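Commentary on secondary and tertiary structure
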Amino acid sequence: MFEKTLSDLVKGLRSNKRREAEYVSKCIAEIKDELAGSNRSHQVKAIAVLKLTYLQMLGYDMSWAAFHIVEVMSSPGFAQKRIGYLGASVSYNDETEVVLLCTNMFKKDFGSANGYEVGLAINCLANICTADLARDLVADVVALMNSNRAYVRKKAVLVLYKIFLKFPDALRPSFPKLKEKLEDRDGSAVSCAVNVICELARKNPQNYLALAPLFFKLLTHTANNWMLIKIVKLLGALCPLEPRLGKKLVEPLTTLINTTPAKSLLYEAIHTVSVGMTPHLPIVQLSMEKLRGFVEDEDQNLKYLGLLAMSNFMKVHPRVVAEHKTMILHCLNDEDLTIRHRALDLVSGMVTKKNLGDITRVLMEHVDKSEGPFRRDLVSKIIEIASFNGYASVTNFEWYISTLCNLARQPGISNGAQIRQQLMDVVIRVKACRVYGVTSMVSLIEDQEMFSQSARDPSSAEVLYAAAWLVGEFSALLEPKVHEEVMAALLSSKVATLPEHVQAVYLQSALKLYVTASSKGEHAPLGSVKSGGGSDLLSLADTSMDLMGAASVSGAASVSGADTSMVGIGLEELIGGASPAAALDPLAALANPLSPLGIGGGMAGMTLTSGDDDILDAMLGPAPVVAAPAPAQSAPADWSMGAKVEAGPGVPLEGGVEGLHAMLEKRLPAFEVSTLLEVQERASICLRLLALVRSVGPAVVGQLAGLFRDELNPVAPKAQGKVPVPEGLDLDAWIHEPSPDGEDDEDEDEDSDGEQKTRGGDAGEADEDDSPKDKKKKTTKKKKDKDGWEDEDFGGKNQFSLKPSKKEIAKMQKQAEKDRKKRTSDPFYLGAKKAEDETPALIDEKEVAEIPIFRLDEEDEDGGKKKKKKK
């Protein structure tokens, strides 16, 4: 009579906040006593379960009381039964074993005369239903659908959905009864049936297409908004499956959209139109007018829903949505970021040739005012709408190039890779705008702010990559008066702050600009170069270029926007080590085609033998004979671009080319000492080409244009697989015979006699003092060691076993010895030495066995001594 009630438990928890766990443990102990007593009344046990239910909601486990809950559920009183069902709904799950004990109790309560007890059982079944309970109780629940009480019928209809989820086989026999409830005399039962069928149709609407007439009847006769929402949703899912249904729904949905004041029902009706009734233009236009009201509403939720529904219409009727362009663009100023993103998604569908400029201008204004991820999304959207469908909406590509340049100058956009791809794609593919494009690229590489911006935003360097590449590739389009300005920008000291691949493109473009400026005049053939084979320096350069894989990228670059980065030119065959002799005689540099690209020049102390000369003759042809360079007065008149400038040692150059040449010679050494390998390599190549030009004379400069005349066309990734293998070519055959093991093993261990093995020697090598028979054996052994195979006879059958080399055997022996020592000192290894084993033995077992045995006579026993006999 002094048990605590639920109110006492709540008050005690509030007064014991600092020691809640201790108080709860005490209360649970009291609850266990209340449930354990056999003479306790149903009311006491019900209150105990009620307190446990409250503690369960606070996070304390009550699974230990599952059986006591069943006892309370079976109480005769409605008040106690309700508490038991509540406790079961809160604590039971699929893993609870006592759920099976509830089957008969549910059957009993389903047949109760009290409708509220039936409702309690149905509610609890919906919460704790398992596959076994669904299989055993589905017949009873279907029978309850025929109850004369609407309260029981609607609950039975709703619990069927949970039964179908747990036991799908019950759907087919139960569906006729469920279909009958769509015409029930009680509206609440009909609404419950519509809800169940609507949820089932979400997975497979095709199975419920036959119910369309019933739902159409309900749509035109019911006034329940919540049931209308479900019906409209279901009909919207059925419209794509039956086109005639959409035509039938035009009139009732038009009436519903015009008359309903409920925003929820109006949105569902518009959503149904956007999903399955888009071919009917009048109702689409009506829906767009209603959505305009949604977007203009002050409620942010309605505005978001309006833009979301417009995106569905955009897929089918973009022109209808484009009529509301001003309103959608105005949403880009909204404070809500999600609304701005939704409006931005609608922009791409409204672009045409006429309004592309206006939309881009509005988006550019928002780029200036926005920041963060939304700013990057704006730039991406501008590029997307302009490049959509192969630039179908762009009528003026010069405008587009200027727009891209303005975007590139925007700080913090992080879209440099996209802008680079677009600039290269447009200038390469659209020949009419190349001159304007190259001029714009010159302004980019001369803009000092771009370098500081690249330091803050690494993606901006990608824009400079495109600018430098295009200036070098189409340098012939530049006017001669800007050559020195462009060269100064390409070789600026700030270029060293850019990434490696961008610096490499800058140097490559500087070389292209120099070659283009030098070859614009018409030069006479090289009379000073004679060749026994009749080939001039240009053919020699072409041969060397083919040998080293030199290539250039031209206007036929990839249309798909693939990377069109410049391929490095390996010309070390042409220029060698840049020694003083090579500076005077450029063809002497060709004598060492394997000279590395190091900073300091060629391979010191390396000489060529007669065999090397033969190889060079086979690769490059007979060496040309270089006559003495012609005096400066004999240079063609059209070579001059200005006053003659003294060029130092070697042949002098003329005019503006000398300025470019001097600028390259002055600024390239700074790049040659760079720690970046690709930058260092290209600077070194350029310097050696300049030395070649200075040595031979100005006429050779024009021939360098041949290095960049070939086109590098795009190749598909899988193109190599389509190339047939030539006849007689075995891809699996050795190109060079593998060397013997003895030649590779330079670190052989010493033999037991202390004799050191020499490099390239072998254990089986024959000595001079060996007999012919021994020499034959050693030769055979050496051959077997070389092949790594040994023919042995196992059980009378010839089998082959792979024999390890001597180095591998020595390595395995060392590892085995190391493991043995480790195990010896490991106390957890069974074979390890014990403490008593550490003491060295005085006598070995072998020595004990060798001790002679003597018979002792009586004289010896008395202490007499006898001489020890030898064994």
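Residues numbered from 1 in each chain as written. Predicted model: local features only at pLDDT ≥ 70, side-chain atom pairs only at ≥ 80, totals over all residues. Heavy atoms only, no water.

Inspection of every chain in the model, using the stated rule, returns 27 salt bridges. Its salt-bridge partner being Lys45, residue Glu71 comes within 3.4 Å of it at the nearest N-O pair. Placement of the pair is Glu71 in helix α4 (residues 66-73) and Lys45 in helix α3 (residues 42-57), with a sequence separation of 26 residues. Relative accessible area serves as the criterion here: at 27%, Glu71 is assigned to the partly exposed category. Judged by its relative accessible area of 15%, Lys45 falls in the buried class. Residue Lys303 is joined to Asp334 by a salt bridge in which the shortest nitrogen-to-oxygen separation is 3.2 Å. Here the residue Lys303 occupies a position in helix α17 (residues 300-314), and Asp334 occupies one in the loop between α19 (325-330) and α20 (337-347), the gap between them amounting to 31 residues. Comparing Lys303 with Asp334, the two get one shared label, buried. In the salt-bridge network here, residues are joined through shared partners; they are Asp132, Arg135 and Asp136. (Salt bridge = Lys/Arg side-chain N within 4 Å of Asp/Glu carboxyl O. Helix = DSSP H or I, 4+ residues; strand = E, 2+ residues; numbered from the N terminus. Buried < 20%, exposed > 50% of the residue type's maximum accessible area, 1.4 Å probe, protein only.)

This part is about the nonpolar core. Counting 209 residues, the largest nonpolar core has Tyr92, Phe106, Phe110, Leu125, Phe215 and Tyr506 as the members making the most contacts within it. Discounting residues that sit within four places of it in the chain, Phe110 has contacts with Val118, Ala121, Ile122, Leu125, Leu137, Asp140, Val141 and Leu144. (Core = buried A, V, L, I, M, F, W, Y, C linked by side-chain atoms within 4.5 Å. Contact = heavy atoms within 4.5 Å.)

Let us now look at helix α10 (residues 171-180). Among the residues of α10, Ser174, Phe175 and Leu178 are the ones counted as buried. The buried residues of α10 occupy an angular sector of 125° when the element is viewed end-on, so they sit on one face. Summarising the contacts, the buried residues of α10 are in contact with α8 (131-144), α9 (150-166) and α11 (187-201). (Arc of directions from axis to C-beta.)

Quick look at the packing of helix α24 (residues 416-429) against helix α25 (residues 434-446) now. Each packed pair of helices is defined by two parameters, the angle between the axes and the distance between the axes. For the pair α24 and α25, interaxial distance at closest approach is 8 Å and the crossing angle is 145°. Seen from above, α24 lies across α25 with left-handed handedness. Across from Leu423, Val427 and Ile428 in α24, the residues of α25 making contact are Arg434, Gly437, Met441 and Leu444. Taken together, the residues that form the contact of α24 with α25 break down as five nonpolar, one polar and one charged. (Axes fitted to C-alpha atoms, helices over the stretch in contact; angles between N-to-C directions. Left-handed = near helix turned anticlockwise from the far one by under 90°. Nonpolar A, V, L, I, M, F, W, Y, C, P; charged D, E, K, R; others polar.)

This paragraph deals with the environment of Leu470. On the secondary structure map, Leu470 appears in helix α27 (residues 460-473). C-alpha of Leu470 to C-alpha of Val427: the two residues are 43 residues apart in sequence and 7.8 Å apart in space. Leu470 has contacts with Leu423, Met424, Val427, Ile428, Val438 and Met441, leaving out every residue within four places of it along the chain.

Before going further, it helps to spend a moment on helix α6 (residues 103-110). Taken together, the buried positions of α6 are occupied by Thr103, Met105, Phe106, Asp109 and Phe110. The arc that holds the buried residues of α6, viewed along the axis, is 165°, so those residues lie on one side. Away from its buried face, by an angle of more than 90 degrees, α6 presents the exposed residues Asn104 and Lys108. Its buried side turned inward, α6 meets α4, α5 (78-91), α7 (115-128) and α8.

This next bit is on the packing of helix α1 (residues 6-15) against helix α2 (residues 20-36). For the pair α1 and α2, interaxial distance at closest approach is 9 Å and the crossing angle is 155°. Here α2 runs roughly antiparallel to α1, going by the angle between their axes. At the point where α1 passes α2, the crossing takes the right-handed sense. Each of Asp8, Leu9, Gly12 and Leu13 in α1 lies in contact with α2, whose residues at this interface are Glu20, Tyr23, Val24 and Cys27. Looking at side-chain class alone, the contact of α1 with α2 contains five nonpolar, one polar and two charged residues. (Parallel < 35°, antiparallel > 145°, perpendicular 65-115°, else oblique.)

Side chains of Met57, Leu86 and Val90 sit close together on the surface and give an oily, nonpolar patch of about 280 Å² of accessible area. Assignment of secondary structure puts Val90 in helix α5. According to the relative accessible area criterion, Val90 is partly exposed, its value standing at 33%. (Patch = residues over 30% accessible without salt bridge, like charges linked within 9 Å, V, L, I, M, F, W, Y side chains within 5 Å. Areas by Shrake-Rupley, 256 points an atom, 1.4 Å probe, with all protein chains shown as cover.)

All we've got here are geometric facts, nothing functional implied.
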